Amino acid sequence: MNRLIITTELKNLWREKLTVAVLSITLIFAALSFYNGYQFSQAQHAVIDIAQQEQLSAIETAQNSLTQRLSEQGSIKWWEDIYDLRGQAFYLMVNYATKPPLATAPIAVGQADVFPYYFRMLISEKQNVVQQYDYVNPLQLLLGQFDLAFVVIYILPLLIIGLSYNALTQEQQTGQLRILLLQGINPQHLLKNQLLVRLSLVLVPFLLCSNSLLLLSNKDFTIQNSLIFSLIVSLYCLFWSYLAGFIVSKGKSTATNAAILVACWLAFVIIIPATLNTLNGAANPTPSRIHYVDSLREQADSAKKASEKTLAKFFQDHPELASTNDNPSDYATKKIATIIAIEQAMHAFDQAFLQIQDQQSQYAQAFKLLSPATLVYSALVDFSGNGLTRQQDFMQAVAQHHQALQQFYKTQIVAASQRGDFTPCRGCNARPTLKDLTVIPQFKNTVNDTSPPPWSLILLVLAIFALSLKTNQRVIQIGSAQSQEVRV
């Protein structure tokens, strides 16, 4: 009986031109959204590859040219010498911290278009290092990227609604339901099969197209990744299919069903997420960026004006680096001391930003449960590796790498100054004080697990189960009412 219902339903849908249009739209949007996400991730890969190649090339060039540099007798300014500790630290060092896209990156761009994914490291204030951004068109940032996650969240529910709003209702209004009941067809099985067929016409082509493209485009995209992606999308689409069943089980007209379903789409996909975002910003306002920049400049000016006091505090905090002779400290040591003093002075401002960011993140995590759209979008973004959690881990790794570089140069520069390696040139000419660039700390990138949290998927399953139970109860009532009319 189920096979007969499904076969009949497919024939009826195929006679409608809407079905062909839905199939075409699904395949076209799946291919186009994948292409946009893939191009975005490839652009990031290209930038990171260039940065890493530049870093390796700088080390290789330094190794090959060391003999020639040691034989140089002419005057070389230290800020132009790659073998000078000061020149490397403040001007010439080629050292990058990068966050390469994952194999799942084309699924959801997320906020990767505004989050920095690489940094050119220098021995400067940490605040200046982490403020490096790759600027793009503001209109593009406003509209967002047309990726697979966009299609899943916004377009697939509309296609499901467009096919499912008249399920069972059409048979009920035309009187066909009474005839089907006389033939022994269960209305619950009828609605379930109708929703299954309509859902399959949207979900199956999308998953086949998107997964095929993802698997073919990147050898690192595994079958496991494909299964996780398919599970997330299937549960989200199943929610909308059962929501459509819940609405049509009320026995209203097809026009009323369509209006209610579109209103649900507006509420879950647009209104609730926008409201949550607005309330989040109002409840946890971000401190003024202009005030932060002004404070950074003020602290920098104060530290530079009181250079001797800053240097004294530096050696007080680092007695192991204090000079054992009476030679005055050089420019590089004073600069290192000034940088550390500015970072310490700005620590309270940095913590204020981090605290607000954590509060906003906790708020978003708590209230995203109000909408399946926010729940699924968050899962897709995290799964793609472009979510806030991985970005925060990357920024923390960048800060640790900056500290490692700072510690390395701080120790080496002070030791070289105490040995007299920076004299008698007195800041003019250079001596080879850094002959091996491989000893400079390199950034170590760690790939974290980006699987979506199981509880978010469990919540979707519970919502689907609740809708299913309520829909079955209503359909039983519709069947009973129709059976009584048939008997009369």
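Residues numbered from 1 in each chain as written. Predicted model: local features only at pLDDT ≥ 70, side-chain atom pairs only at ≥ 80, totals over all residues. Heavy atoms only, no water.

### Looking at helix 11 (residues 223-248)
To keep things clear, this is the line we draw: A helix here means a DSSP run of H or I that spans at least four residues, while a strand means a run of E at least two residues long, and both kinds are numbered starting from the N terminus. Between the first and last residue of a helix there are one fewer steps than residues, each counted as 1.5 Å, and that sum is the expected span. Only protein chains enter the area calculation, which uses a 1.4 Å probe; residues under 20% of their type maximum are buried, those over 50% are exposed, and those in between are partly exposed.
The first and last C-alpha atoms of helix 11 sit 37 Å apart over 26 residues, in line with the 38 Å expected at 1.5 Å per residue. Most of helix 11 sits inside the fold, with 19 of its 26 residues counted as buried.

### Structural notes on a nonpolar patch on the surface
Cut-off, in case you're wondering: In this scheme, patches are assembled from residues that exceed 30% relative accessible area and form no salt bridge. Like charges are connected within 9 Å, while nonpolar side chains (Val, Leu, Ile, Met, Phe, Trp, Tyr) are connected within 5 Å. For the area figures, the Shrake-Rupley method with a 1.4 Å probe applies, and any residue is considered shielded solely by the protein chains shown. Think of a salt bridge as a Lys or Arg side-chain nitrogen and an Asp or Glu carboxyl oxygen that are within 4 Å of each other.
Together, Tyr-154, Val-262, Leu-266, Ile-270 and Ile-271 give the surface a local cluster of nonpolar side chains, amounting to about 380 Å² of exposed area. It is helix 12 (residues 254-283) that provides the largest number of residues to the nonpolar patch, a total of four residues. Topologically, Val-262 is positioned in helix 12.

### Observations regarding the UniProt feature "transmembrane region" (unreviewed entry) in the protein chain
To keep it simple, the criterion reads: UniProt positions are given in the numbering used here, feature names are shortened, and annotations may be inferred rather than shown by experiment.
Here, the residues flagged by UniProt with the feature "transmembrane region" (unreviewed entry) are residues 20-38, 148-168, 195-215, 227-248 and 255-276. Taken as a whole, residues 255-276 contains 100% helix and 0% strand, while its terminal C-alpha atoms sit 30 Å from one another.

### Overview of the environment of Tyr-117
Along the chain, Tyr-117 falls in the loop between strand 1 (96-98) and strand 2 (118-120). The buried category is assigned to Tyr-117, whose relative accessible area is 7%. In the structure, Tyr-117 is positioned 73 residues away from Gln-44 in sequence and 8.0 Å away in space, judged by C-alpha atoms.

### A word on the packing of aromatic side chains
Selection rule: Each Phe, Tyr or Trp ring, with Trp reduced to its six-membered ring, pairs with another whose centre is within 6.5 Å; inter-plane angles below 30 degrees give stacked pairs, above 60 give edge-to-face pairs, and intermediate values give tilted ones.
Throughout the structure, instances matching the rule amount to 16 aromatic pairs. Centroid distance Trp-78 to Trp-79: 5.5 Å. Interplanar angle 80°. Geometry classified as edge-to-face. The exposure class of Trp-79 is partly exposed, given its relative accessible area of 36%. Measuring from ring centre to ring centre gives 5.8 Å for Phe-239 and Trp-240, while their planes differ by 80°; the resulting arrangement is edge-to-face.

### Focus on the nonpolar core
The criterion, for reference: In this text, buried Ala, Val, Leu, Ile, Met, Phe, Trp, Tyr and Cys residues form a nonpolar core when linked through side-chain atoms within 4.5 Å. For every domain, the bounds stem from an assignment made automatically or drawn from a database. Residue contacts are counted whenever heavy atoms from the two residues lie within 4.5 Å of one another.
Phe-206, Phe-229 and Trp-240 are the most contacted members of the largest nonpolar core, which has 55 residues in total. Elements that contribute at least two residues to this core include exactly helix 2 (17-64), helix 7 (148-164), helix 10 (187-217), helix 11, helix 12, helix 17 (372-384) and helix 19 (454-487). Considering each element in turn, this core owes the most residues, 13 residues, to helix 11. There are two domains that each give this core at least three residues, and those are domain 1 (2-37 + 147-282 + 456-479) and domain 2 (52-104 + 118-145 + 288-439). Ignoring any residue separated from it by four or fewer positions in sequence, one finds Phe-206 in contact with Thr-26, Ala-30, Leu-148, Val-151, Val-152, Leu-156, Phe-229 and Val-233. Residues Ile-59, Trp-78, Ala-397 and Tyr-409 belong to the second largest nonpolar core, which totals 29 residues.

### Considerations on the environment of Leu-214
Positionally, Leu-214 belongs in helix 10. Linking Leu-214 and Thr-104, residues 110 residues apart in sequence, is a C-alpha distance of 7.9 Å. Apart from the residues within four sequence positions on either side, Leu-214 is in contact with Phe-34, Pro-106, Ile-107, Leu-148, Phe-221 and Phe-229.

### Remarks on the packing of helix 7 against helix 11
Inclusion rule: Here an axis means a line fitted to C-alpha atoms, over the contact stretch when the element is a helix, while the angle between two N-to-C directions is reported on a 0 to 180 degree scale. Roughly parallel means an angle under 35 degrees; roughly antiparallel, over 145; roughly perpendicular, 65 to 115; everything else is oblique. Two helices that cross are described as forming a left-handed crossing if the nearer one is turned anticlockwise from the farther one by less than a right angle, and a right-handed crossing if clockwise. Ten residues, namely Ala, Val, Leu, Ile, Met, Phe, Trp, Tyr, Cys and Pro, are considered nonpolar, four, namely Asp, Glu, Lys and Arg, are considered charged, and the remaining ones, Gly among them, are considered polar.
Close contact between helix 7 and helix 11 brings their axes to 10 Å; oriented N to C, the two are set at 30°. Taken together, the axes of helix 7 and helix 11 are roughly parallel relative to one another. Between helix 7 and helix 11 the crossing geometry is right-handed. Residues Leu-148, Val-152, Ile-153, Leu-156, Pro-157, Ile-160, Ile-161 and Ser-164 of helix 7 pack against Phe-229, Val-233, Tyr-236, Cys-237, Trp-240, Ser-241, Ala-244 and Val-248 of helix 11. Partitioned by chemical class, the residues of the contact of helix 7 with helix 11 number 14 nonpolar, two polar and no charged.

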